[in-house]
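Architecture at a glance
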Amino acid sequence: MAKLTIDGKEIEVPDGTSLFDACRDARGEDLPHFCYHPDLSVAGVCRLCQVEVEGMPKLTIACNTGVRDGMVVHTRNERVTRASKQILEMHLINHPVDCPICDQAGECGLQNQYMAHGLYDTKVEKVDKVHKSKAQVIGPHVILDQERCVLCSRCVRFCAEVTGTGEMGIFNRGDRARIGTAPGVELDNDYSLNTVDICPVGALTSRDFRFQKRVWMLKAADSVCPGCATGCNVRIDHEAGRIYRLKPRYNPEVNGRWMCDKGRMTYKAVHDENRLGDPLVGGKVETWDGVAGTLAKLVGEGGFGLVVGSPYQSLEEIHLLKSLGKDAPLSGGLADSGQGTGDDLLQDADQTPNRKGLELLGVAQHDGPALADLIRNAAGSVLILGGDPAADPTVAAALTEKDSVIYVGTHGDKTAGLAKVVLPGCMWAEKAGIFVNRNGRLQEFKQAVARHGNAREDWRILSELMTVRNNPDVPGSLKGVRDELAGSVAADVDLNKLPARGFLPGGEAR
Ligand code: SF4
Ligand code: SF4
Ligand code: FES
């Protein structure tokens, strides 16, 4: 351990800690910086994180300095403050200062540093600035504005060290230096939008989010990406019922600070024009009251002959489905649904969010022919919860033979087209729930936006179906479902108070 004094405060940190991190501990906030990033190598190029170490003749950058026992460091004295201000002025010499039309405004490192440490009048007229390329499309997801770049090299290091694709580079020297891709090369890797997140200024912006909404108008909800079994922790940025973007939420046990581009686009399905907003009976729109009579006839009299879940539903919903179908055969849906390609970074080949949840609750899946047989042999109505099993032609053929299929779904998909009754459920961003990721970690997602049309949360729909069946165990709330479910997960877990980083039964997050 090393003992040092920073701004008069004594702290003790492990040997090998960088002075940058030690200063954060002592100050309670970061030093001014652009190029430092906790998950990338040290570049030491922006020179903003200057500190004074007693005994050293010159100021030094904290990000590239290790702590030493007995160090006495100053981060806020007059000499350091003047240096930060001067370096910031150098960064702004050629910057266009076009904050009013820049998408990064409101979450820009340069704006923030200027307000905290700059606050001077510029000595460089706009006509004397070096001009570089503007609004250059450099890949399927990213736009580059070279003039706004502060040459911190974070995007270069991300592509070299994290994805290993190496698309970004800094070309030329001095005030002619510019960021970009080599001729004929695109920033086109599966994680390219992380460069937008780590770019401290508005040089790299998202083609999808650009000019859609000012960031200070957005509200945020913690969630989990439903795009694959990894379950990256995300933040849903939304406003007035519309989702504008997904951002990675730090969880060192799952995704660190990253997420993939495909996962970022999963929100688009929430606003898809094919969403189901009302119950349908025989393809005709009905009210919830109007559909009750048909359900009573289908379910109340003959009961369920088969209930089918899917790995896209939450743990709570699968649990309720099990209760509903306790006298009927139960399937977790198609075993080969949602299969894609994975990689060594985050993406999993299983592109469903909760197959482990089915496993945890002991619900087996079936291949197409086996599920088709179950449907044909069902002695009563067939209840299907999500997953669009009719995407498999053998299942679709079996469903066309049945006149008592009830489908709880979100989109006008193949199964919705074949079901007698369609009940509109909610997508993950419109409800709360728990997914179990590929490592068995239970992670909570929260509701971000209002339900689409007259859709209802799936746990409510299942509870109402339980009422139709005169089932005495009807839960009155999602909390009640979780309380009931907790015992089958682990003895010592409260599913209504999961830790922020998730809960791994038998693991470190206990
Ligand atoms: S584009 Fe952004 S992340 Fe890349 S070097 Fe410039 S400022 Fe840094
Ligand atoms: S790796 Fe999977 S969970 Fe993570 S963002 Fe991508 S699709 Fe979503
Ligand atoms: S953060 Fe230390 S030099 Fe950039």
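Residues numbered from 1 in each chain as written. Chains lettered and ligands numbered in written order. Predicted model: local features only at pLDDT ≥ 70, side-chain atom pairs only at ≥ 80, totals over all residues.

Remarks on the overall build of the chain
Inclusion rule: Helix numbering and strand numbering both begin at the N terminus, where a helix is a DSSP run of H or I of at least 4 residues and a strand a DSSP run of E of at least 2. Our exposure labels follow a C-beta count within 10 Å of each residue's own C-beta, placed from the backbone: buried means 20 or more other C-beta atoms, exposed means 12 or fewer, and partly exposed covers the counts in between. In this description, a residue-residue contact is defined by the distance between C-beta atoms placed from the backbone, which must lie within 7 Å.
What the chain contains, in helices and strands, is 14 helices and 22 strands. Each principal axis of the C-alpha distribution contributes one length, and for the chain these read about 90 × 50 × 35 Å. Classification of the 510 residues of the chain by burial places 45% in the buried group. Here the analysis covers contacts within the chain between residues at least 6 apart in sequence; of these, 64% occur between residues at least 24 apart.

Thoughts on the sheet that holds strand S17 (residues 330-331)
Quick note on the threshold: Note: two strands are recorded as paired if DSSP finds a minimum of 2 bridges between them. In this analysis an axis means a line fitted to C-alpha atoms, helices contributing only their contacting stretch, and an angle means the value between N-to-C directions, from 0 to 180 degrees.
In space, the seven strands of this open sheet follow the order S15-S14-S20-S19-S18-S16-S17, with mixed pairing throughout. For this open sheet the edge positions go to strand S15 (284-285) and S17, each flanked by a neighbour on one side alone. Where strand S18 (residues 381-385) meets strand S19 (residues 405-409), four bridges bridge the pair, whose relative direction is parallel. Note that in S19 the partner of Val 382 across the bridge is Val 405. Contacts from helix H7 (residues 288-301) reach strand S14 (280-281), strand S16 (304-308), S18, S19 and strand S20 (421-424), with the element oriented near 120 degrees to S20.

Concerning the nonpolar core
Here is the rule we go by: By definition, a nonpolar core groups buried Ala, Val, Leu, Ile, Met, Phe, Trp, Tyr and Cys residues that connect through C-beta atoms lying within 7 Å of each other.
By size, the foremost hydrophobic cluster in this structure holds 81 residues, and its most contacted members are Ile 375, Leu 383 and Ala 429. At five residues, the largest contribution of residues to this core is made by helix H8 (residues 315-324). Sequence-distant contacts of Ala 429, defined by excluding residues within four places in its chain, comprise Ser 223, Ile 236, Ile 243, Tyr 267, Val 270, Ala 448 and Val 449.

Considerations on helix H14 (residues 478-489)
The following threshold applies: Given the number of residues in a helix, its expected span is that number minus one, multiplied by 1.5 Å. Note that the arc is defined by the directions from the helix axis to the C-beta atoms.
With twelve residues, H14 should reach 16 Å at 1.5 Å per residue; the first-to-last C-alpha distance of 16 Å fits that figure. Those residues of H14 that fall on the buried side of the exposure criterion are Leu 478, Val 481, Arg 482, Leu 485 and Val 489. The arc enclosing the buried residues of H14, seen along the axis, measures out at 95 degrees, which places them on a common side.

Some details on the site of ligand 2
Our working definition: Working rule for contacts: place C-beta from the backbone, and if it is within 6 Å of a molecule or strand, that residue counts as near it. For this scheme, ten residues count as nonpolar: Ala, Val, Leu, Ile, Met, Phe, Trp, Tyr, Cys and Pro. Four count as charged, namely Asp, Glu, Lys and Arg, and the remainder, Gly too, count as polar.
Residues in contact with ligand 2 amount to 13 residues; listed here are only the nearest, Cys 225, Gly 227, Cys 228, Cys 232 and Gly 263. Class assignment of the residues belonging to the shell around ligand 2 gives a composition of six nonpolar, six polar and one charged.

Description of the site of ligand 1
Around ligand 1, the structure places 13 residues, and the nearest of them are Cys 149, Cys 152, Cys 155, Cys 199 and Ala 203. Its residues assigned to classes, the shell around ligand 1 comprises eleven nonpolar, one polar and one charged.

Quick notes on the domain arrangement of the chain
This is how the line gets drawn: Each domain's extent was defined by an automatic or database domain assignment.
In terms of domain boundaries, the chain breaks down into domain 1 (2-92) and domain 2 (280-497). Using only C-alpha atoms to locate each centre, domain 1 and domain 2 end up separated by 54 Å.

Concerning the packing of H8 against helix H13 (residues 458-468)
Filter applied, for reference: When describing relative orientation, an angle under 35 degrees is termed roughly parallel and one over 145 degrees roughly antiparallel, while 65 to 115 degrees is termed roughly perpendicular and anything else oblique.
Packing of H8 against H13 brings their axes to within 9 Å, and their N-to-C directions diverge by 10 degrees. In terms of axis orientation, H8 runs roughly parallel to H13. Contacts from Glu 316, Glu 317, Leu 320, Leu 321, Ser 323 and Leu 324 of H8 reach H13 at Asp 458, Trp 459, Leu 462, Ser 463, Leu 465 and Met 466. A breakdown of the residues in the contact of H8 with H13 according to their chemical character gives seven nonpolar, two polar and three charged.

Some thoughts on the pairing of strand S9 (residues 178-181)
Every regular strand shows the same layout, with side chains that alternate between the two sheet faces. In terms of strand pairing, strand S8 (residues 168-171) meets S9 through four bridges, oriented antiparallel. In the sheet register, Met 168 faces S9, and the bridge partner there is Thr 181. Connecting S8 to the next strand, S9, in antiparallel fashion are six residues, including Asn 172 with a positive phi near 70 degrees.

Thoughts on the packing of helix H10 (residues 368-376) against helix H11 (residues 393-400)
Axis separation between H10 and H11 bottoms out at 8 Å; the angle between their running directions is 10 degrees. The angle between the axes of H10 and H11 places the two elements in the roughly parallel class. Residue-level contacts link Gly 368, Pro 369, Leu 371, Ala 372, Ile 375 and Arg 376 of H10 to Thr 394, Val 395, Ala 397, Ala 398 and Leu 399 of H11. Grouping the amino acids of the contact of H10 with H11 by side-chain chemistry returns eight nonpolar, two polar and one charged.

Observations concerning the sheet that holds strand S4 (residues 60-61)
Sheet architecture is open: five strands sit in the order S2-S1-S5-S3-S4, paired in mixed fashion. Only two strands of the sheet have a single neighbouring strand rather than two, namely strand S2 (9-13) and S4. Of the strand pairs in this sheet, strand S3 (residues 50-53) and strand S5 (residues 72-74) are connected by two bridges, and their pairing is antiparallel. For Glu 52, the partnering residue across the bridge sits in S5 and is His 74. Packing against the sheet, helix H1 (residues 19-27) makes contact with strand S1 (2-6), S2, S3 and S5, and its axis sits at approximately 130 degrees to S2. Helix-sheet contacts for helix H2 (residues 78-92) involve S3 and S5, and the interaxial angle to S3 is about 155 degrees.

Looking at H10
If you check which residues of H10 are buried, you get Gly 368, Leu 371, Ala 372, Leu 374 and Ile 375. The buried residues of H10 all sit within an arc of 160 degrees when viewed along its axis, so they share a single face. Among the structural elements, S16, S17, S18 and H11 are those in contact with the buried residues of H10.

Remarks on unusual backbone geometry
You will see that Asp 7, though not glycine, has its phi angle at about 50 degrees, which is positive. Structurally, Asp 7 can be placed in the loop between S1 and S2. Under the C-beta neighbour-count criterion, Asp 7 is labelled partly exposed, with 15 such atoms within 10 Å. With a phi close to 70 degrees, Ser 153 is a non-glycine residue in the positive phi region. Mapped onto the secondary structure, Ser 153 falls in the loop between strand S7 (142-144) and helix H4 (154-162). For Ser 153, a count of 23 C-beta atoms within 10 Å corresponds to the buried category.

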